[in-house]
Amino acid sequence: MRLQIKRLWSQIIFVIGTNLAALGIKTGFCYPFFYCHACPAASGACPLRAIEKSFYDHSFDWKLLLYPVLLLGFVGSISGRAVCGWACPIGFLQRGTGNIARKIRKNPIATKIGQLRIEPFFRYIKYILLIGLVVVTPYFINFMFTDVCPVGMLVGTYPLLIVYPGKFIPNQFYIYALVIFILFIILIFIIERGWCRYFCPIGAILAPFNKVSLIKVSVNKDECIHCNICSTVCPMGIDVPNMNRDPECILCGKCVEKCPKNVVRFERI
Amino acid sequence: MEKILVIQVIVFLLIAGSLGGMLAFTDIYDDVQSGIVETICLSCAKLDTNLPVEFTFKTANGKPHPDFIIDILKTRGPILIQFGEKACAACEDMINNIIKPYFNLQFDKTISFDRDVEAHGLNFTYVYIYIDDPATPQERIDSYDVYDVEHIRGFPMFTIITIEYDHSGKIKPFFASLYGKFEPNDNYEKMTKTFTELIKNSEELWNRNLPGFEK
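Since this is a predicted model, take the numbers as computed values, not measurements.

Q: What is the right way to look at a negative patch on the surface in this model?
A: Residues and elements named next belong to chain B. On the surface, a cluster of negative charge is made up of D67, D71, E139 and D142. At the level of secondary structure, the elements contributing two or more residues to the negative patch comprise α3 (67-75) and α5 (138-147). Assignment of secondary structure puts D67 in helix α3. According to the relative accessible area criterion, D67 is exposed, its value standing at 53%.

Q: Would you mind going over the sheet that holds strand β3 (residues 113-119) of chain B with me for this structure?
A: In a beta sheet, neighbouring strands pair by backbone hydrogen bonds and run either parallel or antiparallel. All names here are of chain B. What the five strands build is an open sheet, ordered β3-β4-β2-β5-β6; its pairing is mixed. Lying at the two open borders of the sheet, with one neighbouring strand each, are β3 and β6 (171-179). Each adjacent strand pair in this sheet contributes to an overall mean axis angle of 25 degrees, direction not counted. On top of the sheet, helix α4 (residues 89-103) reaches β2 (79-84), β3, β4 (122-130) and β5 (157-165); it is set at about 150 degrees to β2, its chief contact.

Q: Which parts of the structure should I look at to understand the pairing of β5 of chain B?
A: Along any regular strand the residues' side chains alternate between the sheet's two faces. Residues and elements named next belong to chain B. Extensive coverage of β5 is indicated by the burial of nine of its nine residues. Both faces of β5 are covered, namely the face carrying M157, T159, I161, I163 and Y165 and the face carrying F158, I160, T162 and E164. Here five bridges tie β2 to β5, and the two strands are oriented antiparallel to one another. Following the sheet pairing, F83 is matched in β5 by M157. The pairing of β5 with β6 spans nine bridges and is classified as antiparallel. Looking across to β6, one finds that Y165 is bridged to I171. Linking two consecutive strands that pair antiparallel, namely β5 and β6, is a turn of five residues; a positive phi of about 75 degrees is found at H167 within it.

Q: Help me out: how do you make sense of the confidence of the model for chain B in this one?
A: The predicted coordinates should not be examined in detail at positions where pLDDT is low. All names here are of chain B. Mean pLDDT over chain B works out to 89, with 98% of the residues at or above the 70 mark. Ranking the elements of chain B by mean pLDDT puts strand β1 (residues 47-49) last, at 81, and α3 first, at 95. Predicted complex metrics record ipTM = 0.89 and pTM = 0.81.

Q: Is there a simple way to explain the packing of aromatic side chains in this structure?
A: Ring pairs (aromatic) are described by centroid distance and by the angle formed between their planes. Applying the stated criterion to the full structure yields 34 aromatic pairs over all chains. For the ring pair F122 of chain A and Y198 of chain A, a centre distance of 6.0 Å and an interplane angle of 90 degrees mean the geometry is edge-to-face. Residue F122 of chain A is located in helix α7 (residues 119-122), and its partner Y198 of chain A is located in helix α12 (residues 194-199); the two are separated by 76 residues in the primary sequence. By relative accessible area, F122 of chain A is classed as partly exposed at 35%. Take Y198 of chain A: its relative accessible area is 6%, and that puts it in the buried class. Centre to centre, the rings of F103 of chain B and F124 of chain B are 5.0 Å apart; their planes meet at 70 degrees, and the pair counts as edge-to-face.

Rules used in this analysis
Residues numbered from 1 in each chain as written. Chains lettered and ligands numbered in written order. Predicted model: local features only at pLDDT ≥ 70, side-chain atom pairs only at ≥ 80, totals over all residues. Heavy atoms only, no water. Patch = residues over 30% accessible without salt bridge, like charges linked within 9 Å, V, L, I, M, F, W, Y side chains within 5 Å. Areas by Shrake-Rupley, 256 points an atom, 1.4 Å probe, with all protein chains shown as cover. Salt bridge = Lys/Arg side-chain N within 4 Å of Asp/Glu carboxyl O. Lys, Arg positive; Asp, Glu negative; His and termini not counted. Charge placed at Lys NZ, Arg CZ, Asp CG, Glu CD. Helix = DSSP H or I, 4+ residues; strand = E, 2+ residues; numbered from the N terminus. Buried < 20%, exposed > 50% of the residue type's maximum accessible area, 1.4 Å probe, protein only. Pairing = 2+ DSSP bridges. Axes fitted to C-alpha atoms, helices over the stretch in contact; angles between N-to-C directions. Contact = heavy atoms within 4.5 Å. pLDDT = per-residue confidence, 0-100. Phe/Tyr/Trp six-rings, centres within 6.5 Å; stacked < 30°, edge-to-face > 60°.

Following this line, the structure appears as structure tokens:
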């Protein structure tokens, strides 16, 4: 079976597993990827909410902080950010929108923006969001990230309004969240994996584990012919031939599959 | 090459061991299950519960909810309290024309009590607090000030209490108080409908949030 078909099956299975509460199964695990427990079918907890709660209102609950971080660390230390490419339902959604984003990328304006030297710095936004909105604001002000999170809007707000008609009304954050949600939708349609690249705080937690994960994508530079096909197909926009355990790599395997010389490979311990 | 391998194995073992230890020796799994997964996070969903009257988490005098309320909420269900006093025509009117016939209850209106009620598909605990009954525990008498949100000190006062997600990530008692005969032109039918709707909504909230409230 082709690698990308295997990945598709993996994503479908994880989407089902993520929503097992539809069958009455609710666990005490945090998801090792991005999904909202406000979804009526969610079977696990959003790790970001657990982290937010651990810092809420000048408090510090070490268990609520360590638990999601260790869970993410456990998955990350084995396969790095592979969960982004193989398991995350939001990654799966972006896989669907990726083809449109890929077409838009050929537009000269988009190409120009993509070539901006500042683009790599945008990737640090997710780390700022993680520290600023998931840790600092809950400690000093109030919950912030999960109150306006676009994924909560997508899998929580609207499904709840459909499943429980008339039972809920929008709260004061709804309008801000709606604006962010619209921007999120635009983003994933114009930039392939735009959310994963620039904004996902879970990706920010997982990214450093790419440096020590047991599974990685490696390039045999001696045999590489620099055709750059791998970089062209990379949904995360990585310069694949020159990467070494890149924190942005989601191990989707597109480069592995497309390399004409088979010099890009998955490598494991 | 070997150095990175050693680091990888150490990192993996440290994380796996710590995670396993947390799951085995702490109650974090249950905490996350009851406090996050099994409760509908309304702030995550950017929603509020739609209820016919104004519910609040904030007690009228800033004091915590009495223990007997917490005990009932943890074990029995949502609560309808009726506060009454002697020489109160409206109290008698409500008891005789709504509470007793509609909820199928028989009681002496001068004695405080609480009872689980099942009627018209509703399940709740009815708490009758007769202020002038000398046998009424002080905690129950004092609860009037906890729920008198309008600071009216009027009778009868009905307080419906359930549990709800409070946007700080915790499940807390959530209540509303209604005074006298509610609105100037309310008839018995309308008042009965209001009670039914409130209790039904409260039951839904209670069922939805109980796992997160028990712990």
